[in-house]
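For reference, the chains in residue letters:
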Amino acid sequence: MNTHENYIARCTQLAKNGLGTTYPNPLVGCVIVHNGKIIGEGWHYKSGEAHAEVNAVNSVKDASLLESSTIYVSLEPCSHFGKTPPCSDLIISKGIKKVVIGTIDPFAKVSGAGIKKLMNAGCDVTVGVLEKECNELNKRFFTFHKKKRPYIILKWAQTSNGYIAPDTKNQRTPVWITNPYSRQLVHQWRTEEQAILVGNQTVIKDNPKLNARDWHGQNPIRIVIDRSNKIPKDSFVTDNSIKTIVLTSKQHLKESTESLIYEEVSTKKNIAQEICTILHKHDIQSVIIEGGTTTLQSFMDENLWDEARVFEGNLTFEKGILAPNFTKRLPLTKKIEKDTLSIYQNDQDYNF
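Predicted model, so just to flag it, every value in this text is computed and none were measured. All residue numbers refer to position in the chain's written sequence, counted from 1. Local features in a predicted model are, by the rule used here, given only for residues with pLDDT of at least 70; side-chain atom pairs are given and counted only at 80 or more, and totals for whole chains, interfaces and linings are based on all residues. Excluding hydrogens and water, the side-chain figures rest on all heavy atoms present in the structure.

(A) Spotlight on unusual backbone geometry. With an omega of 5 degrees, the peptide bond between Tyr23 and Pro24 qualifies as cis. Runs of H or I in DSSP of at least four residues are treated as helices and runs of E of at least two as strands, each being numbered from the N terminus. Assignment of secondary structure puts Pro24 in the loop between helix H1 (3–15) and strand E1 (29–34). Of note in this structure, Lys148 is not a glycine but carries a positive phi near 60 degrees. Positionally, Lys148 belongs in the loop between helix H6 (139–147) and strand E6 (151–158). Notably, Glu337 is not glycine yet its phi reads approximately 55 degrees, a positive angle. Here Glu337 shows up in the loop between strand E15 (332–336) and strand E16 (339–345). When its relative accessible area of 56% is taken as the criterion, Glu337 is described as exposed. Think of it in three bands: with a 1.4 Å probe and only protein chains considered, a residue is buried below 20% of the maximum accessible area for its type, exposed above 50%, and partly exposed in between.

(B) Quick peek at the pattern of salt bridges. Salt-bridge detection follows one rule: a side-chain nitrogen of Lys or Arg within 4 Å of a carboxyl oxygen of Asp or Glu. All chains considered together, the criterion is met by twelve salt bridges. Residues Arg140 and Glu193 are paired through a salt bridge, measuring 2.7 Å at the closest nitrogen-oxygen approach. You can see Arg140 sitting in helix H6 and its partner Glu193 sitting in the loop between helix H7 (180–192) and strand E8 (195–199), a full 53 residues away along the chain. Glu193 matches Arg140 in its accessibility class, with the two residues each being buried. Here Asp239 makes a salt bridge to Arg222, at a shortest N to O gap of 3.0 Å.

Below, the structure is given as structure tokens:
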């Protein structure tokens, strides 16, 4: 890596600290360099709070050095007034003349305007340093604004002989295929994504809480497909403890509350696309689809997915519900005790 790349790499490293807490804002990291030494760092912690550039500037002990420093930021500085003032105005007001940016912000209110404002103020602006890595950092934010849908992660666990669940069981509780370490990792993922989605059969059979009880962080919004109003009234997903959106048919629509929202899905055909439209309306940038097989398969069939995270446990079922029919690509794999985790990337174009 060259010097610029090293500092932008540090920006992306810092930005990842905000994963799961910045929605609906992007992940952004920033460093300020004077004579080859980092004198300030910052990242965006949470929506409504100071942006990365503000935190970096405020961390500089000797503000007189700013005018002869270079500021590095993973994403184009904003140029509009939102919950906080424009970061491009801050950079200009501090007299920072050299600005290095990882990638352009696709958000319509920014999208090049921040760069233009900086250049018009006489700043020397470099754009596109580690651009691919910076785009990857904000794949959720970019997918939401460019494709008008959430970033979609398919997740399931299957036995070594390809079953996602047993044929029958006596209790309304999950049958665990994976070990506790794998399950804890899943709960970590839940704190990183904005929502989690299941079908009504998963709720009927397992009565899941769909929270992040095994990891510290924010619980995801719960999304449940229940077109025929089959979910039992004592289900955890309707206990009002976490914001939940129930997707149902017109005849089963109910009055929404602040924590329990009902949305109509009109058809079984192209239901994945219809769900994406609803989630986009609710400003949901990422969602984990946790099943069951019918729900997962609908997103695969419509090619509406970005990642698939598949656990294979070290046990078998004699019979049961088969895992989704998945055209496998070459995955990244890792062992978690005796479980195997395979992560697949969809091969569609993501040149934002």
